[in-house]
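# Summary of structural features
Chain by chain, the residues run as shown.
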Amino acid sequence: MKTILIAAVVALMTSILCTPLVVVFFRRRGFGQEIRVDGPQTHLVKRGTPTMGGVAIVGSTVVGYLVAHLVLGFRGQGGFTASGLLALFLMVGLGTVGFLDDFIKIRRQRSLGLRARAKFLGQLIVTVAFAVLALQFPGRHGLSPASTHISYMRDIGAIGIGAVGFVVLAYLIVAATSNAVNLSDGLDGLAAGAAAMVFGAYALIAFLQWRNTCSCYEVRDALDLSIVAVSAMSACFGFLWWNAPPAQIFMGDTGSLALGGLMAGLAILSRTELLLIALGGLFAAITISTVLQIGWFKVTRIRTGTGRRIFRMSPLHHHFELAGWEQVTIIVRFWIMGGMAVAFGVGLFYADFISNG
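These notes cover the structure that comes with them. All residue numbers refer to positions counted from 1 along the written sequence of the respective chain. Where local features are concerned, this predicted model is filtered to residues with pLDDT of at least 70; where side-chain atom pairs are given and counted, the filter is 80 or more; whole-chain, interface and lining totals use all residues. Excluding hydrogens and water, the side-chain values take into account all heavy atoms of the structure.

### A few points about the overall build of the protein chain
Put simply, DSSP H or I for four residues or longer makes a helix, DSSP E for two residues or longer makes a strand, and each gets a number counted from the N terminus. In terms of helices and strands, the protein chain carries twelve helices and two strands. Helices (α) and strands (β) of the protein chain occur, in sequence order from the N terminus, as α-α-α-α-β-β-α-α-α-α-α-α-α-α. Between the two quantities, the radius of gyration covers C-alpha atoms and the globule rule is 2.2 Å times the number of residues to the power 0.38. By the compact-globule yardstick of 21 Å for 357 residues, the protein chain fits well, its C-alpha radius of gyration being 20 Å. Overall, the protein chain is about 60 × 50 × 35 Å in size when its C-alpha atoms are taken along their principal axes. Among the 357 residues that make up the protein chain, the fraction classed as buried is 52%. Contact between two residues is taken to exist if any of their heavy atoms lie within 4.5 Å; hydrogens are not considered. Here the contacts in the protein chain between residues at least 6 apart in sequence split such that 77% fall between residues at least 24 apart. With an accessible surface of roughly 16,000 Å², the protein chain has 67% of that area assigned to carbon and sulfur atoms. Of the side-chain charges in the protein chain, 27 are positive and 15 negative, and the distance between the mean point of each set is 6 Å. Only protein chains enter the accessibility calculation, which uses a 1.4 Å probe; a residue whose area is less than 20% of its type maximum is buried, one above 50% is exposed, and one in between is partly exposed. Per-residue and other accessible areas were derived by the Shrake-Rupley procedure at a 1.4 Å probe size, with only the shown protein chains allowed to occlude residues. Two residue types count as positive, namely Lys and Arg, and two as negative, namely Asp and Glu; His and chain ends fall outside the count. For this purpose, a charge sits on NZ of Lys, CZ of Arg, CG of Asp or CD of Glu.

### Some thoughts on the nonpolar core
Put simply, a nonpolar core is a bunch of buried Ala, Val, Leu, Ile, Met, Phe, Trp, Tyr and Cys residues held in one set by side-chain atoms that sit within 4.5 Å of each other. Formed by 94 residues in total, the largest nonpolar core has its most connected members in Phe199, Tyr202 and Leu259. Looking at which element gives the most residues to this core, the answer is helix 6 (residues 190-211), with 15 residues. Residues in contact with Phe199, not counting those within four places in the same chain, are Ala229, Ala232, Met233, Cys236, Leu259, Leu262, Met263 and Leu266.

### As for the packing of aromatic side chains
Aromatic pairs are defined between Phe, Tyr and Trp rings, using the six-membered ring for Trp, whenever the two ring centres lie within 6.5 Å; interplanar angles under 30 degrees are classed as stacked, those over 60 as edge-to-face, and all others as tilted. Under the counting rule described, the total for this entry stands at nine aromatic pairs. With 5.7 Å between their ring centres and 55° between their planes, Phe25 and Phe26 make a pair best called tilted. Taking the relative accessible area as the measure of exposure, Phe26 reaches 5% and is therefore buried. Between Phe320 and Phe334, the aromatic rings sit 6.0 Å apart at their centres with planes inclined by 80°, giving edge-to-face as the arrangement. Of the two residues, Phe320 is situated in helix 11 (residues 316-322) and Phe334 in helix 12 (residues 327-356); the sequence distance between them amounts to 14 residues.

### A few points about the pattern of salt bridges
If the charged atoms of two oppositely charged side chains come close together, the side chains can form a pair. We define a salt bridge as a side-chain nitrogen of Lys or Arg found within 4 Å of a carboxyl oxygen belonging to Asp or Glu. Evaluation of the coordinates by the stated rule reveals eight salt bridges. Across the pair Lys105 and Asp102 runs a salt bridge whose closest N-O atoms are separated by 4.0 Å. Here Lys105 and its partner Asp102 are both found in helix 3 (residues 82-108), three residues apart, which amounts to about one turn of the helix. For Lys105, a relative accessible area of 12% corresponds to the buried category.

### Overview of the packing of helix 1 (residues 2-28) against helix 2 (residues 54-75)
The angle between two axes is taken between their N-to-C directions and runs from 0 to 180 degrees, where each axis is a line fitted to C-alpha atoms and a helix contributes only its stretch in contact. Two elements in contact, helix 1 and helix 2, have axes separated by 7 Å at closest approach and are oriented at 145°. The chirality of how helix 1 crosses helix 2 is right-handed. The residues of helix 2 that touch helix 1, namely those facing Lys2, Thr3, Ile6, Ala7, Val10, Ala11, Thr14, Ser15, Thr19, Val22 and Phe26, are Val55, Ala56, Ser60, Val63, Gly64, Val67, Ala68, Val71, Leu72 and Arg75. Each residue gets one of three labels, nonpolar for Ala, Val, Leu, Ile, Met, Phe, Trp, Tyr, Cys and Pro, charged for Asp, Glu, Lys and Arg, and polar for the others, Gly among them. Taken together, the residues of the contact of helix 1 with helix 2 break down into 13 nonpolar, six polar and two charged. For any helix crossing, the convention is left-handed if the near helix is rotated counterclockwise from the far helix by under a right angle, and right-handed if that rotation is clockwise.

### Some points on the packing of helix 5 (residues 162-184) against helix 10 (residues 281-304)
Between helix 5 and helix 10, the least distance of the axes is 9 Å, while the angle of their chain directions is 80°. The orientation of helix 5 relative to helix 10 falls into the category roughly perpendicular. Taking contact as the criterion, the partners of Ala180, Val181, Leu183 and Ser184 in helix 5 are, on helix 10, Phe283, Ile286, Thr287 and Thr290. When grouped by side-chain class, the residues that make up the contact of helix 5 with helix 10 number five nonpolar, three polar and no charged. Our angle categories are set so that under 35 degrees counts as roughly parallel, over 145 as roughly antiparallel, 65 to 115 as roughly perpendicular, and the remainder as oblique.

### As for the pairing of strand 2 (residues 155-160)
Across the six residues of strand 2, zero count as buried, placing the element largely on the outside. For two strands to pair, DSSP has to find at least two bridges joining them. As judged from the two bridges shared by strand 1 (residues 149-151) and strand 2, these two strands associate in the antiparallel manner. Considered in strand 2, the bridge of Ser151 is made with Asp155. The turn joining strand 1 and strand 2, which pair antiparallel and follow one another in sequence, is formed by three residues.

### As for the environment of Ala118
Mapped onto the elements, Ala118 comes out in helix 4 (residues 116-134). Between the C-alpha atom of Ala118 and that of Val97, which follows or precedes it by 21 residues, the distance is 9.2 Å.

### Digging into the environment of Arg303
The topology assignment puts Arg303 in helix 10. The exposure class of Arg303 is exposed, given its relative accessible area of 70%. Spatially, the C-alpha atom of Arg303 lies 48 Å from that of Ile205, the residues being 98 residues apart in sequence.

### A look at the side chain of Asp188
Its location among the elements puts Asp188 in the loop between helix 5 and helix 6. Given the relative accessible area of 6%, Asp188 is considered buried. Distance and chemistry together define a polar contact, namely a pair of N or O atoms within 3.5 Å, with one atom able to donate a hydrogen and the other to accept it when in protein, and with adjacent residues in sequence counting only for side-chain atoms on both sides. In terms of polar contacts, Asp188 uses its side chain to reach the backbone amide nitrogen of Ala247, at 3.1 Å.

### Quick word on the state of the cysteines
In protein chemistry, a disulfide is the covalent bond that joins the sulfur atoms of two cysteines. In plain terms, two cysteine sulfur atoms within 2.5 Å form what is called a disulfide here. Under the counting rule described, the total for this entry stands at zero disulfides. Distance from the sulfur of Cys18, which forms no disulfide, to the nearest cysteine sulfur (Cys236) is 15 Å.

### Some words on the side chain of Asn212
Tracing the chain through its elements places Asn212 in the loop between helix 6 and helix 7 (222-243). Within the structure, the side chain of Asn212 is placed 2.3 Å from the backbone oxygen of Gln209, a separation counted as a polar contact. Apart from the residues lying within four places of it in its own chain, the contact partners of Asn212 are Tyr217 and Phe353.

The following block contains the structure:
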């Protein structure tokens, strides 16, 4: 428990103290955000705000994790684990894809960076490497970091999908989650605050899996996953200090893809893949709104020759902006919805934990 607290404090302080340094560094080099021309006009004042702030979140998460393990090493209580390193690998790998996307936007001075195919290819390469490695490294009890079964609170034994099926499923989960967080990153602090809640939930879930007495949660390195999750939560909170409206820095795709990837990795490695839908309910709702908007526009354009929209603009938070809501109002209300989704997901897990304890 002390190790988890150390990771949380170190990641929080690193994020709070180092993010301003990132702001100064990027501002001096002109790494400013480009704003989409078809977006809300109120966003035009944000043009030039330093972006790629996700490097501060990713870096602080890694530092929190490393310091926690240095403390464990001094105590002689074990070292790094395959699950923890794989989760961080997925976060850093997708963060790198996002960094390239942000860098291209800045260099070419446009709101679009990597082409969709290139971005998906980057996600595919990182995810396949993660998935293949996650089926290796069996522990003392023969458990690998991930399994070839679909999971909810634990593996569903009746639904085995094989190694190839697992790689495909992992890609679908990672791509869906990372892009969902990316879509949600449109207002100051919205994605960082909502992500922090999900990571807090996974810190608790993994800790309960580690502390269980029923031996019914077959998770290889639950405690280490809790350390990773709490480090990410604290890194998000520290970043939010500077990302709160009016934001002094944006996380960019560097941060949103990294955070979404880590969420997916924690779900896969903690054997709670389907539970992620409940925990990330806010991200799911924002993604669904975008899918519906695009789908309805295409269908009506084919039928009538003129595309029609369900919402004023997608993703969903922009719809409320154009409806006249203040940005801070939208952010807080979306945080409330995100918190309710997280509470519901944790409640589902805890009910299962109690019934099997």
